[in-house]
Amino acid sequence: MFRLQGSKVLAVEMTGDAVKAKNGSMVAYDGQMAFKKLSGGGEGIRGMVTRRLTGEQMTVMEVRGQGMCWFADRASEISLVGLRGETLYVESSNLLATDGGLRTGTQFTGLRGATQGNGLFTTTVEGTGQAAIMSDGPAVLLRVTPQYPLTVDPGAYVAHQGNLRQSFQSGVTFRTLLGEGGGEAFQIRFEGDGVVYVQPSERNTIAGDV
């Protein structure tokens with residue numbers, strides 16, 4: 001059972017089950033726990049090879065036992081996402097923890113992976129259970145409908161889910177339109193039916209200075 005303790009700490013009640021979390025993110029625990037370091041951010045050899053090729057170094061640990069664990073990372077804001085057989089697409093650096101039963105992997109998404117210089121893949125979380133994602137500042141949940149597509153700055157993108165299609169608009173920058181220059185070299189456009197999580201702060205990207 002995942003719950004937030006404040007907005008920056010994830011509390012997980014363990015009853016003999018397992019949770020996968022970003023390595024080094026556990027800040028405290030009580031009860032009896034066993035820890036195991038997992039290599040790569042995806043499942044199996046394919047996930048490990050993909051991570052190596054794209055440079056997405058996502059080290060994960062598995063925690064199993066009885067008691068309570070608390071997780072946090074650099075005072076980031078945490079949001080809980082419930083999945084019911086769906087897929088969550090999330091930047092690897094924004095994924096804090098998942099239920100042990102959820103499957104993690106990678107998926108080709110084209111240029112969007114360049115937001116952090118991490119290649120052409122993004123992290124996927126699939127199945128039924130809970131995931132905890134992080135953001136720099138409280139995450140904002142934006143709805144996408146067939147009538148109202150959404151365009152997002154890649155430095156502010158955190159995650160998305162639903163029946164959404166991604167495309168990329170190059171040569172269009174928010175900051176250039178404001179006369180500031182030095183903005184992102186492309187924007188992410190979402191069409192369809194779903195939700196997109198964005199953060200009120202931009203990460204550094206290789207697409208342009210922020």
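Above this text sits the structure in question.
Reading guide: rules and limits
- Residues numbered from 1 in each chain as written.
- Predicted model: local features only at pLDDT ≥ 70, side-chain atom pairs only at ≥ 80, totals over all residues.
- Heavy atoms only, no water.
- Helix = DSSP H or I, 4+ residues; strand = E, 2+ residues; numbered from the N terminus.
- 1 Å grid on protein atoms, 1.4 Å probe; cavity = no way out; pocket = protein on both sides within 12 Å on 5 of 7 lines; lining within 4 Å.
- Points joined across faces, edges and corners; volume = space filled by probe spheres on them.
- Nonpolar A, V, L, I, M, F, W, Y, C, P; charged D, E, K, R; others polar.
- Buried < 20%, exposed > 50% of the residue type's maximum accessible area, 1.4 Å probe, protein only.
- Polar contact = N/O pair within 3.5 Å; in protein donor to acceptor, adjacent residues only side chain to side chain.
- Phe/Tyr/Trp six-rings, centres within 6.5 Å; stacked < 30°, edge-to-face > 60°.

A. Fine view of unusual backbone geometry. Within the chain, Arg 74 stands out as a residue other than glycine whose phi angle is a positive 50 degrees. Note on placement: Arg 74 falls in the loop between strand 4 (60–71) and strand 5 (77–90). Even without a glycine there, the phi angle at Ala 75 is positive, about 60 degrees. Counting through the fold element by element, Ala 75 comes out in the loop between strand 4 and strand 5.

B. Up close: empty space enclosed by the protein. Summed over all chains, the structure comprises one cavity of 30 Å³ or more. Here the largest cavity is characterised by a volume of approximately 40 Å³. Counting residues per element, the lining of the largest cavity draws most heavily on strand 2 (residues 10–22), at six residues. Partitioned by chemical class, the residues of the lining of the largest cavity number six nonpolar, no polar and three charged.

C. Spatial organisation of the side chain of Gln 187. Positionally, Gln 187 belongs in strand 12 (residues 186–198). Taking the relative accessible area as the measure of exposure, Gln 187 reaches 0% and is therefore buried. At a separation of 3.5 Å, a polar atom in the side chain of Gln 187 contacts the main-chain amide nitrogen of Asp 153.

D. Local environment of the packing of aromatic side chains. In this structure the tally under the stated criterion is two aromatic pairs. Taken together, a centroid distance of 5.4 Å and an interplanar angle of 65 degrees make the contact between Tyr 29 and Phe 35 edge-to-face. By relative accessible area, Tyr 29 is classed as partly exposed at 40%. Ring plane angle 15 degrees and centroid distance 5.9 Å describe the contact between Tyr 157 and Phe 190, whose orientation is recorded as stacked. Within this pair, whereas Tyr 157 is found in strand 11 (residues 157–170), its partner Phe 190 is found in strand 12, the two being separated by 33 residues in sequence. On the accessibility criterion, Tyr 157 (0% relative accessible area) is buried. The class for Phe 190 is buried, based on a relative accessible area of 0%.

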